[in-house]
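Examination of the molecular architecture
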Amino acid sequence: MVYSTENDTQYSYERLRDKNGEPLKIAFKGVLDIKNLGDKEKILADHNDVYLKVMATDNSGKTVSAVQQLTIDLTSPEVNVQYTNEPNTSVQNGTYFNGNRKAVLSIKDRNIVPGQIYFNLTLTDKKLNETYTLDSASIEQLRELTDVTPKHQNVFSSISTEMKDLGDGVQQMDIVFVFNGEDRYEVNFSCVDGLGNGNDNVSYSTDVTEAANHVFTIDKTSPVIKQIYTAGGTEISLQPGEPYYVQSPVYYTTYVDEHNFAGEGLDFGAVSQTEISRNTDGAWNPDDLMQDSSQWAENGVNGITEQWKYTFTFEAQGAYRHFFEYKDLAGNPAIYVDANDNEISNTDALFTIDWTQGTGSVSINGFGFWETFLHNITFGLFNPGSVDVEMNAEDYTSPLYAVQYFRTPDPMSLEQLENYDWSNTSYMDPSEDGYKAHGAFTVDPDEQFVVYMKVTDYANNVSYFSSDGMIVDSTKPAPVVTITNLSQSQNGIFNEDVTLQIDVEDPYAGDTYSGLERVWYTVSASGNVNTSETIELLNSSNRVQSNQTFSQVVTVPANVYNSNDVKVQAFAVDFSGNQGESEVTEMKIDVTNPTISVSWDLNNPLNGSFYKDTRTATVTVTDRNFDPNNVRFSITNTDGTEASIGGWSSSSDIGVSDSATSTCQVAFPTDGDYTFTLGCTDLAGNSTEYGQTDEFTIDKTVPEISVSYDNNSARNGNYYNEARIA
């Protein structure tokens, strides 16, 4: 290309003279500004092999010329970065990689200078922030970098360079980085060519998101998870596929050792799945909480690895299946270890919380059934022939482990049953689902017996059941007399008339019976009241078979027998002179409402209701069956501090007399505006209220006084020449 210029060249001249002032020559100076050339000319001039020829012709027609070779570079370097994942590497959450990542940095320019390619690298965990010039020395430094993990991996598994000639003087330098170390990376690339042209921008291409062009994290380390289940302060050993049974809530603690645990706006890799069956009320499902990273607490740091902790208490009774798994932000699945850090497989945790005893019943067909353990055996059941006994057991939460039974002629206490050798007793087979059992047998004459049954579930809850005493005898027995209480008590105490049913039966002797001649009962009270009475219900002089049984409902008037020591017993005599009597039915009756009185140690307030010292109230409740757990204090304090409520003490006649007193002291030691009232309900359900609200103020704080003056310019110690205001 030949480019000539005349008008566009700026020049000046000067006339040179010799020492005598005679003219010698004329010198011209010209400036050719390449950057001011037109676009076409710039393209032609932008080359490493540019020749500048200058020609001059004088007025005589003589021409001279000079040629100079130039390097002209008006083009910024092209910088491209191409990211690809190495085999078996995947990305999660946009910028988290679980393996190596390759970056190919390509510089295209005519005048590439290796020492002027700049690589800014920040490693967060290593606390590194350096800019490397990517010459051979700095590349060697990069090759020697290691991360801060215990494995001390090379930050770059390899770095290679290649220079290519693209023709027309253009070169391309490729630098291949394989990021290998585990850290959070921040990278930036730039370049300045040999003539000082810097790159305008960097072009990126990637097989993942653009968010990872400058900032990304490599994490190849699997999280380590330890799950601990304890009950009653002891770790429970859960075996795969085998339920574990406990009688108390299960305390669950999970530890996760992981550096890249969670991040704001990122997917949290925790998955919790909890199922429960045969459950009762109470906390049982931690799933939503475990899947919320804000519910986890940091529990220490080991190097750059943080430990995270989550705790939950499974409170509800029920059969549980709980499963938890976790992946870190890079998608690495966790490794699971036991309490001794031995690696284990992650399986469902199966456990059952059950502190409720199984239920059961023993029935003697035709004579009734019993759903509890009878502490007092009466042997009030008679039959001249064989009787059938049936037993049923059931557990709601845990399967039945063993249901055992036996019969004995002598009553046994609960303590005797607990120490009894049940190994030689009979067993009842559970139903197919394991939660029910049924058994039956027949007792022939002549035998006296009580049936005892022991129900044990897999959580080792044990319950005992018994029948009442039964006599199977063909010999004529005395009449059988029983008393059934038809009224409902509260805490074993009645606060209204008590209704009883008296049942009498004259058992068969062979094919007949004598018949009932007389039935009566006695009722007595002592303690709070002292009275007694005998009431006759039947007095028959006719031998009639219709009197083989007798039943009547009677009422014990509460206002007459207002005592904790009320006894009722029924009697019967048949025409053969056999007399039977019931067990003594003992009752507590209380129809008297409590009374409340309050006395104060300080009763002389200032200004109506102000006290400068601690004020103490002595509360006295007069009641026979006082219930300290059912006293309802209503106390407020504007300053928020609660009053101090002491314990209750009762007089020696508590439980005996309506005049029994129970007292406690309530102290108001701190400042505040108080209101005070109370009410109470006794064990029988009788209630009362204090009937007033006491209001007063406690103020122990001493006032503070300060004085300041507007004029503090004293002369001669304490003389002032102007008025002074305090």
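Computed from a predicted structure; not experimentally measured.

In this section: the layout of surface pockets. Looking at the second largest pocket, its volume works out to about 1100 Å³. Contributing to the lining of the second largest pocket are 33 residues, with Thr378, Asp468, Thr482, Ile483 and Glu583 lying nearest its centre. Taken together, the elements giving at least two residues each to the lining of the second largest pocket come down to strand 29 (381–383), strand 37 (480–485), strand 38 (498–505), strand 43 (579–581) and strand 44 (585–587). The greatest single-element share of the lining of the second largest pocket, amounting to 6 residues, is contributed by strand 37. Split by residue class, the lining of the second largest pocket holds 14 nonpolar, 13 polar and 6 charged.

What follows is about the side chain of asparagine 180. Checked against the element boundaries, asparagine 180 lands in the loop between strand 12 (170–179) and strand 13 (183–191). Note on asparagine 180: relative accessible area 12%, which makes it buried. At 2.7 Å, the side chain of asparagine 180 and the backbone oxygen of asparagine 154 are in polar contact. Residue contacts for asparagine 180: discarding those within four places in its chain leaves Asn100, Gln153, Asn154, Val155, Phe156, Ser157, Tyr185, Ile218 and Lys220.

Tallied over the full model, the rule gives 12 salt bridges. Across the pair glutamate 140 and arginine 143 runs a salt bridge, and its minimum N-O distance is 3.4 Å. Of the two residues, glutamate 140 and arginine 143 are both situated in helix 2 (residues 136–144); the distance of 3 residues between them amounts to about one turn of the helix. Judged by its relative accessible area of 35%, arginine 143 is partly exposed. The salt bridge involving lysine 151 is made with glutamate 182; its shortest N-O contact spans 3.3 Å. Here lysine 151, found in the loop between helix 2 and strand 11 (156–167), pairs with glutamate 182, found in the loop between strand 12 and strand 13; they are 31 residues apart in sequence, far enough to count as distant. On the basis of relative accessibility, which here comes to 52%, the residue lysine 151 falls in the exposed class. Residue glutamate 182 is classed as buried on the basis of its relative accessible area of 6%. Linked through salt bridges whose partners overlap, the residues forming this network are Glu275, Arg321 and Asp348.

The subject of this paragraph is the sheet that holds strand 41 (residues 549–556). Spatially, 3 strands are ordered 37-38-41 in an open sheet, and the strand pairing comes out antiparallel. Strand pairing shows two members of the sheet lacking a second neighbour, strand 37 and strand 41, which therefore form its edges. Neighbour-to-neighbour, the strand axes of the sheet open up by a mean angle of 20°, direction not taken into account. Of the pairings in the sheet, the one linking strand 37 to strand 38 comprises 6 bridges and is antiparallel in character. Its bridge partner being in strand 38, valine 480 is matched across the sheet by glutamate 505.

In this model, arginine 278 sits at a positive phi of 50°, which is unusual for a non-glycine residue. Looking at the element boundaries, arginine 278 is found in the loop between strand 20 (270–277) and helix 3 (287–290). Of note in this structure, asparagine 460 is not a glycine but carries a positive phi near 65°. By the element assignment, asparagine 460 lies in the loop between strand 34 (447–457) and strand 35 (462–466). Given a relative accessible area of 53%, asparagine 460 falls into the exposed group.

As a further point, take the nonpolar core. By size, the foremost hydrophobic cluster in this structure holds 34 residues, and its most contacted members are Phe449, Tyr452 and Met453. Listed by contribution, the elements that provide at least two residues to this core are strand 27 (359–364), strand 30 (387–394), strand 31 (400–408), strand 33 (436–443), strand 34, strand 35 and strand 36 (470–472). Here this core takes 6 residues from strand 34, the largest share from any one element. Ile139, Val187, Cys191 and Ile218 belong to the second-largest nonpolar core, a separate cluster that totals 32 residues.

Moving on, we come to a nonpolar patch on the surface. Together, Ile705, Val707 and Tyr709 line one region of the surface with nonpolar side chains, adding up to about 360 Å² of accessible area. Relative to the helices and strands, tyrosine 709 resides in the segment after strand 54 (694–698).

For helix 2, every residue scored as buried is listed here: Ser138, Ile139 and Leu142. Buried residues of helix 2, seen end-on, are gathered within an arc of 105° and therefore sit on one face of the element. The outward face of helix 2, more than 90 degrees from its buried face, is lined by the exposed residues Ser136 and Glu144. In this fold, the buried residues of helix 2 make contact with strand 9 (117–123), strand 10 (128–132), strand 11 and strand 12.

Assignment of secondary structure puts asparagine 461 in the loop between strand 34 and strand 35. Among the polar contacts made by the side chain of asparagine 461, one reaches the main-chain carbonyl oxygen of aspartate 354 at a distance of 2.9 Å. Not counting residues within four places of it along the chain, the set of residues in contact with asparagine 461 comprises Gln247, Asp354, Trp355, Thr356, Gln357, Val455 and Thr456.

The rules we used
Residues numbered from 1 in each chain as written. Predicted model: local features only at pLDDT ≥ 70, side-chain atom pairs only at ≥ 80, totals over all residues. Heavy atoms only, no water. 1 Å grid on protein atoms, 1.4 Å probe; cavity = no way out; pocket = protein on both sides within 12 Å on 5 of 7 lines; lining within 4 Å. Points joined across faces, edges and corners; volume = space filled by probe spheres on them. Helix = DSSP H or I, 4+ residues; strand = E, 2+ residues; numbered from the N terminus. Nonpolar A, V, L, I, M, F, W, Y, C, P; charged D, E, K, R; others polar. Buried < 20%, exposed > 50% of the residue type's maximum accessible area, 1.4 Å probe, protein only. Polar contact = N/O pair within 3.5 Å; in protein donor to acceptor, adjacent residues only side chain to side chain. Contact = heavy atoms within 4.5 Å. Salt bridge = Lys/Arg side-chain N within 4 Å of Asp/Glu carboxyl O. Pairing = 2+ DSSP bridges. Axes fitted to C-alpha atoms, helices over the stretch in contact; angles between N-to-C directions. Core = buried A, V, L, I, M, F, W, Y, C linked by side-chain atoms within 4.5 Å. Patch = residues over 30% accessible without salt bridge, like charges linked within 9 Å, V, L, I, M, F, W, Y side chains within 5 Å. Areas by Shrake-Rupley, 256 points an atom, 1.4 Å probe, with all protein chains shown as cover. Arc of directions from axis to C-beta.

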